[in-house]
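A look at the structure
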Amino acid sequence: QVHLVESGGGLVQAGGSLRLSCAASGRTFSSYAMGWFRQAPGKEREFVAAISSSDGRTYHDDSVKGRFTVSRDNAKNTVYLQMNSLKPDDTAVYYCAQAISADYIYAPEGGYEYWGQGTQVTVSS
């Protein structure tokens, strides 16, 4: 059973930064791509970024490109989301997810098998 635990959320002013972490357990972390999603109040969950396990390729949604960076540390079984230049529109619950394969770094949620419980990020104006 895979267990994903997010941390690092909180309240920050617009223009500030946060780093989210997601610790994974339950199967070989280095064999699976990892993704980040978010869900704002009243909206559907949306893709943010993902990183492969095989070669570290990343894919960021256009809405966060240049501001957010996904990374991973396979030795620590952890994936990160560095968020800079935060905007009020970034306010959401952020979820990490483990993909079905090493190289699935795409947006459709069907490619992700396991999900964390989420961490709240609130950006004040």
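Residues numbered from 1 in each chain as written. Predicted model: local features only at pLDDT ≥ 70, side-chain atom pairs only at ≥ 80, totals over all residues. Heavy atoms only, no water.

Quick word on the overall build of the protein chain
Along the protein chain, the regular secondary structure elements total 0 helices and 11 strands. Ordered by position in the sequence, the α and β elements of the protein chain form the string β-β-β-β-β-β-β-β-β-β-β. Its C-alpha atoms give the protein chain a radius of gyration of 13 Å, near enough to 14 Å, the size a compact globule of 125 residues would have. With the C-alpha coordinates aligned to their principal axes, the bounding extent of the protein chain is approximately 40 × 25 × 25 Å. Within the protein chain, the fraction of its 125 residues that count as buried is 44%. A sequence separation of at least 24 residues applies to 60% of the contacts in the protein chain between residues at least 6 apart. A gap of 4 Å separates the mean positions of the 11 positive and 12 negative side-chain charges of the protein chain. (Helix = DSSP H or I, 4+ residues; strand = E, 2+ residues; numbered from the N terminus. Rg over C-alpha atoms; globule rule 2.2 N^0.38 Å. Buried < 20%, exposed > 50% of the residue type's maximum accessible area, 1.4 Å probe, protein only. Contact = heavy atoms within 4.5 Å. Lys, Arg positive; Asp, Glu negative; His and termini not counted. Charge placed at Lys NZ, Arg CZ, Asp CG, Glu CD.)

Quick notes on the state of the cysteines
Within this structure, the stated rule accounts for 1 disulfide. Between the sulfur of Cys22 and that of Cys96 lies a disulfide, 1.9 Å long from S to S. Between Cys22 and Cys96, the disulfide has an S-S torsion of 45° and is therefore right-handed. Of this pair, Cys22 sits in strand 3 (residues 18-25) while Cys96 sits in strand 9 (residues 92-99); the two residues are 74 residues apart in sequence, bridging distant segments of the chain. The burial state of Cys22 is the same as that of Cys96; both residues are buried. (Disulfide = S-S within 2.5 Å.)

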